[in-house]
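# Descriptive analysis of the structure
Residues per chain, in single letters:
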Amino acid sequence: MILTTTPSIEGKQIVNYHGVVFGEVITGINFVKDFFAGIRNFVGGRSGSYEDELMKARENALREMEQRAAEKGANAVIGIDIDYEVLGQDNGMLMVTASGTAVTVA
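Here's a quick rundown of the structure. (Residues numbered from 1 in each chain as written. Predicted model: local features only at pLDDT ≥ 70, side-chain atom pairs only at ≥ 80, totals over all residues. Heavy atoms only, no water.)

## Concerning the nonpolar core
Note that soluble globular proteins tend to have their nonpolar side chains buried in a common cluster. Counted only if it meets this: Throughout, nonpolar core names a set of buried Ala, Val, Leu, Ile, Met, Phe, Trp, Tyr and Cys residues whose side chains join them through atoms within 4.5 Å. Between buried and exposed lies partly exposed: a residue is buried under 20% and exposed over 50% of the maximum accessible area for its type, with that area taken using a 1.4 Å probe on protein chains only. The numbering of helices and of strands both runs from the N terminus, where a helix is a DSSP run of H or I of at least 4 residues and a strand a run of E of at least 2. Any pair of residues with heavy atoms lying within 4.5 Å of one another is described as a contacting pair.
One finds Val21, Met65, Ala69 and Val77 to be the most contacted residues of the largest nonpolar core, which totals 13 residues. Elements supplying a minimum of two residues to this core: β2 (14-28), α2 (48-71), β3 (76-87) and β4 (93-105). Not counting the four nearest positions on each side in its chain, Val77 is found in contact with Met1, Ile2, Leu3, Thr4, Val21, Met65, Ala69, Gly100, Thr101 and Ala102. Counting 5 residues, the second largest nonpolar core, distinct from the first, contains Ile9, Ala76, Ile78 and Val103.

Listed below in structure tokens is the structure:
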């Protein structure tokens, strides 16, 4: 499966459009990660625990989108966009959505 943010794939011809596909992940950030991220915020530096959660959520959203595209018979997703939001009480939930157009290329 080819995944790309571009509207086309160089050297490939789009032969069929299957529609827009999405992958959504909502994950909670636990108290321990919040605590250590707060310390990092105070003293400076990167928050490895938050970065890891963000990376996992993004990969899962892309994987879910890819699976939905395959279920429609696509072999590529073009025009991918990834969005991030915080949700819930005290912004304790992270939502990552990936969307794109499922296509068949030859």
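Next comes the rest of the description.
## Observations regarding the side chain of His18
Definition in use: Throughout this description, a polar contact denotes any pair of N or O atoms lying within 3.5 Å of each other; where both atoms belong to protein, one of them has to be capable of donating a hydrogen while the other can accept it, and for residues adjacent in sequence the pair is counted only when both atoms sit in side chains.
Summarising the element assignment, His18 is placed in strand β2. Within the structure, His18 has its side chain in polar contact with the backbone oxygen of Lys72 (distance 3.1 Å). A distance of 2.6 Å separates the side chain of His18 from the side chain of Thr104, its partner in a polar contact. Beyond its immediate chain neighbours, meaning those up to four positions away, His18 contacts Lys72, Gly73, Ala74, Ala102, Val103 and Thr104.

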